[in-house]
Amino acid sequence: MRASARLFARLSRMSHTKNAPARIDTLTVHGGTPLEGAITVRGAKNLVSKAMVAALLGESASRLRGVPEIADVRIVSGLLELHGVEVTAGDEDGELVLDPTNAEKAHVADIDAHAGSSRIPILLCGPLLHRLGEAFIPDLGGCRIGERPINYHLDVLRQFGAVVEKRPEGLRITAPAGLRGTKIDLPYPSVGSTEQVLLTAVRAEGLTELRGAAIEPEIMDLIAVLQKMGAIISVDTDRVIRIEGVSRLEGYTHRAMNDRIEAASWGCAALATQGDVVVRGARQPEMMTFLNVFRKIGGAFEVDDEGIRFWRGGEAQRSLVLETDVHPGFMTDWQQPLVVALTQTSGLSIIHETVYENRLGFTGALNDMGATIQLYRECLGGLPCRFGQRNFMHSAVVPGPTKLHGAEITVPDLRGGFSYLIAALAAEGESTVHGVDLIYRGYEQFQDKLEALGARYEHR
Ligand code: EPU
């Protein structure tokens, strides 16, 4: 058995409750019980997967700590193994050792088997070009929350000197004259494209200047990883990042920053179910924007060295106007769990989703459960965004509180899926939630955590 297969067989056994079968797709959730207790969050999905890719750039093995048991980690491990990277479990719980010393070209058919499973393959381009002179990228997956094109990624790679060839099976990318540092100005501070630049520029020849960069905390943590490996990267004011290419990088040892999306999701669950949840590992600095909003809508929280305790506090303000945005704005990934909480707090809220054009579709099922959310094409409540006048239902009016009742619902995407679980837990009566496997992509041991918080559910 391959190393990561062994590792993940173990992770998979650990990630289910003891009486549960290995794959559980449908849960019957009995609503109306407040979630109470303490749970722990570990490494951020949106850093861990990128740090795993960065290991491919090193000449020696890397150790990544705090790795959560989520499906995305399994997917990236599989991709790295196809390219000869040895992925094994380290000594401490949640530690991965990634050894790229025998990196090799993968077979197109093997890579193609990963088509549609994740968006991470596109980030392998820079490291693979440096290491092997060639990259092959299958059709990408990820949540269906918008078109999610990769035009910025390909433009950036071309600017470094890469040649992109479209083939029926996917994209073949080469760099016949090597990769050279360049000046890049991103049209939008895209997280993935900023990571693409970082992972390519660190070993490109000469200086790269990136303007319009995303500066999410997960990106800062990736920069910390790359610096440990020997990279020279400065983050300047006004979204400018400068990278001086070096000819060699070594492996790193790094503890991943904790998952601020998962932490906020549990906070919203506490508020929506009128519960009281301690999220160990939640950190205030990366969650300040969320915490401000949480307080405004009637949530209370307490921060200590261990994490953050969330519960329902005083009165909500009468209305909230909120726009999702790139960091330091309110994260788009916090929006879906927040909307469920808003249906249970008092006041009329307006949400303007400006990062993804199609991230409010999940509200249809909430309306089937008794919510009265209305969607609009217009940019409501804030400045006009890229999606205005373009037929995208990207603004929502959310009245609260509305009584939710149980329903039969199907998980639409990762964050929407967890939000449906919150809604089912807050609702009166029984809900049937199909497709919960998807939630394992980003929420570690969520069923064990639900049990620890006193949720009542069973597998169908
Ligand atoms: N965009 C383009 N062209 C591109 C790349 C992006 O038009 O080539 C657009 C996207 O369509 C979107 C916007 O730019 O409208 C922002 O996309 P971004 O590149 O920032 O997103 P991403 O890197 O694909 C990551 C996270 C998402 C998170 C966003 C925003 C990972 C694996 N995914 O996606 O996380 O919502 O940044 O913070 O890091 C999730 O965890 O559930 C999730 C969707």
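Bear in mind the structure is a predicted one, so any value in this text is a computation, not a measurement. (Residues numbered from 1 in each chain as written. Predicted model: local features only at pLDDT ≥ 70, side-chain atom pairs only at ≥ 80, totals over all residues. Heavy atoms only, no water.)

Q: Any chance you could break down the site of the ligand for me, citing the residues and the numbers?
A: What surrounds the ligand is a group of 24 residues, the closest being Lys 50, Asn 151, Ser 190, Val 191 and Val 355. One nitrogen or oxygen atom from the main chain of Tyr 152 is found 2.8 Å from an oxygen atom belonging to the ligand. The side chain of Arg 386 places a nitrogen or oxygen atom 3.4 Å from an oxygen atom of the ligand. Summarising the interface, the protein chains cover 91% of the accessible area of the ligand, which totals 820 Å² for the free molecule. (Near = heavy atom within 4 Å. Polar contact = N/O pair within 3.5 Å; in protein donor to acceptor, adjacent residues only side chain to side chain. Areas by Shrake-Rupley, 256 points an atom, 1.4 Å probe, with all protein chains shown as cover.)

Q: Tell me what's going on with the packing of aromatic side chains, and back it up with residues and numbers.
A: Following the criterion strictly, the structure yields eleven aromatic pairs and no others. Where Phe 290 meets Phe 310, the ring centres are 6.4 Å apart and the plane angle is 75°; that geometry is what we call edge-to-face. Taken together, the residues span a long stretch of sequence, with Phe 290 in helix H10 (residues 288–296) and Phe 310 in strand E16 (residues 307–312) at a distance of 20 residues. Here the two residues Phe 290 and Phe 310 agree in accessibility, since each one is buried. Seen in terms of ring centroids, Phe 290 and Trp 334 are 5.5 Å apart; in terms of plane orientation they differ by 55°. Their pairing is tilted. Remark: Trp 334 occurs in helix H11 (residues 332–343) and Phe 290 occurs in helix H10; sequence separation between them is 44 residues. By relative accessible area, Phe 290 is classed as buried at 0%. A network of ring pairs unites the aromatic residues Phe 290, Phe 294, Phe 310, Phe 330 and Trp 334 as a single cluster. In this structure, Arg 309 is placed above the aromatic ring of Trp 311, and the distance from its NZ or CZ to the ring centre is 3.8 Å. Over the ring of Tyr 188 we find Arg 386, and its NZ or CZ is 3.7 Å from the ring centre. (Phe/Tyr/Trp six-rings, centres within 6.5 Å; stacked < 30°, edge-to-face > 60°. Helix = DSSP H or I, 4+ residues; strand = E, 2+ residues; numbered from the N terminus. Buried < 20%, exposed > 50% of the residue type's maximum accessible area, 1.4 Å probe, protein only. Lys NZ or Arg CZ within 6 Å of the ring centre and 35° of its normal.)

Q: Lay out the domain arrangement of the protein chain in plain terms, naming residues and giving numbers.
A: Domain boundaries assigned for the protein chain yield domain 1 (3–41 + 258–459) and domain 2 (45–255). Here the C-alpha centre of domain 2 lies 29 Å away from the C-alpha centre of domain 1. Contacts between domain 1 and domain 2 engage 32 residues on the former and 32 residues on the latter. Summed over both partners, the interface of domain 1 with domain 2 buries about 2800 Å², with 55% contributed by carbon and sulfur atoms. Our count for the domain 1 to domain 2 interface comes out at two salt bridges. Its salt-bridge partner being Asp 72, residue Arg 441 comes within 2.8 Å of it at the nearest N-O pair. On inspection of domain 1 and its partner domain 2, the count reaches eight residue pairs in polar contact (both at pLDDT 80 or more). (Domains from an automatic or database assignment. Contact = heavy atoms within 4.5 Å. Buried area = accessible area lost by both parts, 1.4 Å probe. Salt bridge = Lys/Arg side-chain N within 4 Å of Asp/Glu carboxyl O.)

Q: An account of the confidence of the model for the protein chain is needed here, citing residue identities and associated values.
A: Here the protein chain averages 92 in pLDDT, while 93% of its residues score no lower than 70. Low pLDDT, under 50, characterises residues 10–22; the stretch is placed with 23 contacts to residues that sit more than four places away or in other chains. (pLDDT = per-residue confidence, 0-100.)

Q: Account for the layout of surface pockets, with residues named and values stated.
A: Estimates place the volume of the largest pocket at around 1100 Å³. Together, 48 residues line the largest pocket, and Arg 119, Arg 148, Val 191, Gly 192 and Tyr 356 are the ones closest to its centre. At the level of secondary structure, the elements contributing two or more residues to the lining of the largest pocket comprise helix H2 (45–54), helix H6 (151–159), helix H7 (191–201), helix H9 (260–272), H11 and helix H13 (414–426). Tallied by class, residues from the lining of the largest pocket come to 19 nonpolar, eleven polar and 18 charged. (1 Å grid on protein atoms, 1.4 Å probe; cavity = no way out; pocket = protein on both sides within 12 Å on 5 of 7 lines; lining within 4 Å. Points joined across faces, edges and corners; volume = space filled by probe spheres on them. Nonpolar A, V, L, I, M, F, W, Y, C, P; charged D, E, K, R; others polar.)

Q: Tell me about the packing of H9 against H13, and please be specific about residues and values.
A: Contact geometry of H9 with H13 gives a least axis separation of 9 Å together with a crossing angle of 20°. Taken together, H9 and H13 sit at an angle that is classed as roughly parallel. Pair H9 / H13 crosses with right-handed handedness. Each of Ile 261, Ser 265, Trp 266, Cys 268, Ala 269 and Ala 272 in H9 lies in contact with H13, whose residues at this interface are Arg 415, Phe 418, Ile 422 and Ala 426. (Axes fitted to C-alpha atoms, helices over the stretch in contact; angles between N-to-C directions. Parallel < 35°, antiparallel > 145°, perpendicular 65-115°, else oblique. Left-handed = near helix turned anticlockwise from the far one by under 90°.)

Q: Let's hear about the nonpolar core: which residues, and what values?
A: Counting 71 residues, the largest nonpolar core has Trp 266, Phe 290, Phe 310, Leu 338 and Leu 366 as the members making the most contacts within it. Core analysis: the next-biggest nonpolar cluster, separate from the first, contains 68 residues, Leu 129, Phe 160, Leu 198 and Ala 201 among them. (Core = buried A, V, L, I, M, F, W, Y, C linked by side-chain atoms within 4.5 Å.)

Q: Quick rundown of the packing of H7 against helix H8 (residues 217–229)? Include the residues and the values.
A: Contact pair H7 / H8: the axes reach a minimum separation of 11 Å and the direction vectors enclose 10°. With respect to each other, H7 and H8 are oriented roughly parallel. When H7 is examined against H8, the residues Val 191, Thr 194, Glu 195, Leu 198 and Leu 199 are found in contact with a partner set consisting of Ile 219, Leu 222, Ile 223 and Leu 226. Each residue belonging to the contact of H7 with H8 can be placed in one class, and the counts come to seven nonpolar, one polar and one charged.

Q: Residue-level account of the sheet that holds strand E6 (residues 134–137), with values.
A: Read across the open sheet, the three strands follow the order E6-E8-E7; overall the sheet is antiparallel. The outermost strands of the open sheet, each flanked by one partner alone, are E6 and strand E7 (163–167). Strand after strand, the sheet turns through a mean of 20° between neighbouring axes, direction not considered. Pairing analysis gives five bridges linking E7 to strand E8 (residues 170–174), with the strands arranged antiparallel. (Pairing = 2+ DSSP bridges.)

Q: With reference to specific residues and values, describe the pairing of strand E18 (residues 347–352).
A: In the sheet, strand E17 (residues 319–323) pairs with E18 via five bridges, with the strands oriented parallel. Following the sheet pairing, Leu 322 is matched in E18 by Ile 351. With respect to chirality, the unit in which E17 leads through H11 into the neighbouring parallel E18 is right-handed. (Right-handed = clockwise from strand over helix to strand, strands pointing away.)

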